[in-house]
Amino acid sequence: MSDPSALTTEALAAIAQAPGEDALAKVELEYLGRKSGRVSRLLANIGQLPPAEKAALGKAANEAKRAIEAALAARRAELEQARLADLAETEAIDVTFPGPPLGRGHIHVLTQVRRQIETVLESLGYQVELGPEVETEWYNFEALNITAGHPARENWDSFYFSPELLLRAHTSPVQIRAMQRIKEPPIYIITPGRCYRRDAPEATRLPYFSQVEGLAVDRGMTVGDMKGTLLYMIQSLYGADRKVRVRPSYFPFTEPSFEFDVSCGICGGMGCKSCRHKGWLEVGGCGMVHPQVLRNGGIDPSQWNGYAWGFGIERMAMLKHDVDDIRLFYEPDLRFLEQF
Ligand code: DAH
C-alpha cells in the first residue's frame, strides 16, 4: 500500500503537468474517485489497522485529499487564466479590420421622377423655380383668381395657421412669385414641390403630395404650344408610343382650361382594369394663363400671354411604374422601394 505523502507527491506532479480539463478530470478520478480512487482505497482498509496507526493514517490520508483538491482547483484556475489570455490574444477586436460592406441606398422613386421631369424641361429651356410650402392666402388663392367665397376654393381646402397663412394646396402660387421675381417675360419655369390638402389618405390621394407646375409667358402662345411641350415631356418620360389628349375643364386661373390625359401604358389605350377601361389616365390640369393672373403677377396681358400646367408627381410616378396605390410611396417598405 502506497503511503499518503508519496501519493500526494505523485498526484501533484500529474496535476502540474495536466495540459487541460480532460487530463485534470482523469487525475481527479484516479486519486479522489469515490470507490476506486487511490486515496479512497487507502482509507478503505484502515479498519484492520491497530488504533494508533489508524489515527495517523486517517489524518495523513485526509491531508493528502485536501492537498490534491487544492492543487486541482489551483491548476484549474491557472488553465482558465491561460484560456482567457489566449482568447484575448486570438479573438481581440481589430478595429482597423474592414467591416462587412454596407448596403447602398438609392434615390427615392419620387425624387427620381421629379429629377427626370426637371431634366426634360430644362432641355427645353425651362428653369427650376422654388416657392414656400407655407403660403399666404393671397398667393394660394386670391392672386390665382380664386377670390374669397368662390366655390372653387373648396377644391383646394388645406391646413391653416391663421386665416391669412396656410400650407399651400398646389404649386400654382409659385407662378405668381416667379412673374414677380423675373418681371420681364419671356418666362419659362417649372416649380416642383410639396403640397397639402385636407384629404383622408386613400389609394389615389393623400393629405401631402407633390406637384410640378409649369409656366410659360411669351408672345403669341397657343394651346398648340402647350400641348406640344407636354407631349414632348410625356414621351420623353414614358416612351414615344404614348398619346396625350386635353379635355375641356375649369380652373379660375386659366382660360381656356383643360384636363390633361396620357394614354394608358398597360393596355396601350385599349382599356383595361388599371385605367378603368378608359384607355386614358389623368395626370393634371393645364390651360392658357388667365389675363387677371398675369396682371396679378405684374405682367401686362395686352403684351404677353402664356400657358401653365400642374401635374401630380406621385400620379406621374404611378403612371410610369404601374403603381396602383399612392400610399406606397410614403411607406418605409423596402420590398416596394427597392424595385425602382
Ligand atoms: N393647381 C391645379 C391643382 O392643383 C392644377 C393646375 C391646373 C395647374 C391648371 C395649372 C393649370 O397651372 O393651368 O389642381
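In this text the structure is predicted, and so the values were computed from the model without any measurement.

1. Observations regarding the sheet that holds strand 3 (residues 160-162)
Point 1. Across the sheet, which stays open at both edges, the three strands sit in the order 2-4-3 with antiparallel pairing between neighbours. Strands at the two margins of the open sheet, each flanked by one partner only, are strand 2 (134-136) and strand 3. On average, each strand axis in the sheet is tilted by 30° relative to the strand beside it, whichever way the strands run.
Point 2. For strand 3 and strand 4 (residues 165-167), the ladder comprises two bridges, and the chain directions are antiparallel. Directly across from Y160, in strand 4, lies its bridge partner L166.

2. Remarks on the pattern of salt bridges
Point 1. Scanning the model with the defined rule gives 18 salt bridges in all.
Point 2. Shared partners join several salt bridges into a network, and the residues in it are R245, R247, D261 and E282.

3. With respect to the domain arrangement of the chain
Point 1. Its domain assignment divides the chain into domain 1 (4-90) and domain 2 (109-337).
Point 2. Once you take the C-alpha centre of each, domain 1 and domain 2 turn out to be 90 Å apart.

4. Looking at the site of the ligand
Point 1. Near the ligand you find 16 residues, and of these H170, S172, R197, Q211 and E213 are the closest.
Point 2. For the ligand, a nitrogen atom lies 2.9 Å from a polar atom in the side chain of H170.
Point 3. Between the ligand and R197, the relevant distance is 2.7 Å, taken from an oxygen atom to a side-chain nitrogen or oxygen of the residue.
Point 4. Expressed as a share of its isolated accessible area of 360 Å², the protein-covered part of the ligand is 93%.
Point 5. Looking at the shell around the ligand, the elements with two or more residues in it are strand 6 (208-218), strand 9 (280-289) and strand 10 (305-312).
Point 6. Here the residues of the shell around the ligand are counted per class, giving six nonpolar, eight polar and two charged.

Reading the values: rules and limits
Residues numbered from 1 in each chain as written. Predicted model: local features only at pLDDT ≥ 70, side-chain atom pairs only at ≥ 80, totals over all residues. Heavy atoms only, no water. Pairing = 2+ DSSP bridges. Helix = DSSP H or I, 4+ residues; strand = E, 2+ residues; numbered from the N terminus. Axes fitted to C-alpha atoms, helices over the stretch in contact; angles between N-to-C directions. Salt bridge = Lys/Arg side-chain N within 4 Å of Asp/Glu carboxyl O. Domains from an automatic or database assignment. Near = heavy atom within 4 Å. Polar contact = N/O pair within 3.5 Å; in protein donor to acceptor, adjacent residues only side chain to side chain. Areas by Shrake-Rupley, 256 points an atom, 1.4 Å probe, with all protein chains shown as cover. Nonpolar A, V, L, I, M, F, W, Y, C, P; charged D, E, K, R; others polar.

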